[in-house]
Amino acid sequence: MINFVKTEEAPACLAIEKAKPKSENYRCRDVVKQVSDDFFDKCYLCEDKHVKDINVEHFEPHKGDRDKMFDWKNLFFACSYCNNIKLGDETPLLNCTDVSLRVVNSIKLEIDGSRLPERHFSVISLVHDEVTMNTASLLYKIYNGRENPTALKERGALNLRKRIVGHLSEFNDLIEEYRLGVLSKERMKKKIINELRIDSAFTAFKVWLVRDEAELFQEFAEYLPQ
């Protein structure tokens, strides 16, 4: 999980829909467009990008409260898989749109050294407060499909891990080419920097891969999202 900056002004259609007594259409066209743009078409939880089934998700479940239902600050971009795992849970979580919370610094993401998607991923809370540990617990369920999973959730988690392993394998290849210097080091460095941008898929995993290697961290620390 990483930080995102949401547009401050709410799309006008939210107020229009809220004013209609029976409307629950918080997913009006301008909301979908703006939330997609603000989150770079990435699920805010798993960081998968260009997902097929997208949701405009309530960060805090509205439970029928129309103020929360139509609150622009409460509307996030999520994939249907993660939204189904979270599923209205009222447990307080780290708000990745709060720039004062450096979420990538609070939760460490690791995969097994073999980089096999069948292996479970580690999600480590580095800050031992309730909200951070709650968030780490949710991410663990998302990546690993644990805690009374259905067959569909297990398959969803496996497919997600496969996509992550694929992206990280490509990222590792870029790093290896950069180190070997077979191609232009400057060009390879730019490619690595692009992969560390917040609009890249699975940025937090790439950030922690860089942080875990002292030489890489020294060379790319200034390009890591904070």
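Numbering of residues begins from 1 in every chain and follows the order in which that chain's sequence is written. Under the rules for a predicted model, residues below a pLDDT of 70 receive no local features and side-chain atom pairs below 80 are neither given nor counted, while totals for whole chains, interfaces and linings still include all residues. With hydrogens and water excluded, all non-hydrogen atoms of the structure serve as input to the side-chain values.

### Points about the state of the cysteines
Here, the term disulfide refers to a pair of cysteine sulfur atoms separated by no more than 2.5 Å. Counted according to the given criterion, the structure contains one disulfide. At a sulfur-sulfur separation of 2.1 Å, the disulfide partner of Cys13 is Cys28. Handedness of the Cys13-Cys28 disulfide follows from its S-S torsion of about 75°: it is right-handed. Remark: Cys28 occurs in the loop between helix H1 (12-19) and helix H2 (29-38) and Cys13 occurs in helix H1; sequence separation between them is 15 residues. Buried means the residue's accessible area, taken with a 1.4 Å probe over protein chains only, is under 20% of the maximum for its type, while exposed means over 50%, and partly exposed covers the values in between. With a relative accessible area of 14%, Cys13 lands in the buried category. On the accessibility criterion, Cys28 (6% relative accessible area) is buried. Only runs of H or I of at least four residues qualify as helices and only runs of E of at least two qualify as strands under DSSP, and these elements are numbered from the N terminus.

### Some remarks on the packing of aromatic side chains
When two rings of Phe, Tyr or Trp (its six-membered ring) have centres within 6.5 Å they constitute a pair, described as stacked for plane angles under 30 degrees, edge-to-face for angles over 60, and tilted for the intermediate range. Following the criterion strictly, the structure yields twelve aromatic pairs and no others. Ring centres of Phe4 and Phe39 lie 4.8 Å apart, and the angle between their planes is 45°; this geometry places the pair in the tilted category. Here Phe4, found in the segment before H1, pairs with Phe39, found in the loop between H2 and strand E1 (54-58); they are 35 residues apart in sequence, far enough to count as distant. Of the two residues, Phe4 and Phe39, both sit in the buried class. The rings of Phe4, Phe39, Phe40, Tyr44, Phe59 and Phe76 are connected pair by pair, giving a single aromatic cluster. Between Arg27 and the ring centre of Tyr26, over which it is positioned, the NZ or CZ distance is 4.7 Å. The rule for a charge over a ring is simple: NZ of Lys or CZ of Arg within 6 Å of the ring centre, and within 35 degrees of the ring normal. Between Arg211 and the ring centre of Trp208, over which it is positioned, the NZ or CZ distance is 4.8 Å.

### Considering the packing of helix H7 (residues 151-180) against helix H9 (residues 203-211)
The description of two helices packed together rests on the angle between their axes and the distance between the axes. Geometry is summarised by axes, namely lines fitted to C-alpha atoms with helices restricted to the contacting stretch, and by angles between N-to-C directions that run from 0 to 180 degrees. Two numbers describe how H7 lies on H9: the axes approach to 10 Å, and their chain directions differ by 40°. Considering the angle they form, H7 stands oblique to H9. You can see that H7 and H9 cross each other, and the crossing is right-handed. Residue-level contacts link Ile164, His167, Leu168, Phe171, Asn172 and Ile175 of H7 to Phe205, Lys206, Leu209 and Val210 of H9. Any residue that is not Ala, Val, Leu, Ile, Met, Phe, Trp, Tyr, Cys, Pro, Asp, Glu, Lys or Arg is counted as polar, Gly included; the first ten are nonpolar and the last four charged. Among the residues forming the contact of H7 with H9, the class breakdown is seven nonpolar, two polar and one charged. Orientation categories follow fixed angle ranges, with anything under 35 degrees roughly parallel, anything over 145 roughly antiparallel, 65 to 115 roughly perpendicular, and all other angles oblique. By convention the crossing between two helices is left-handed if the near helix lies anticlockwise of the far one by an angle smaller than a right angle, and right-handed if it lies clockwise. Only heavy atoms enter the contact rule, under which two residues are in contact if any of them lie within 4.5 Å.

### Description of the environment of Phe77
Considering the arrangement of structural elements, one finds Phe77 in strand E2 (residues 75-79). Owing to a relative accessible area of 2%, Phe77 belongs among the buried residues under this scheme. Taking the C-alpha atoms as reference points, Phe77 and Leu183, separated by 106 residues in sequence, lie 38 Å from one another. Here Phe77 is in contact with Val35, Ser36, Phe39, Asp41, Lys42, Cys43, Tyr44, Val51, Ile54 and Asn55, once residues within four sequence places are set aside.

Purely geometric numbers; function is a separate question.
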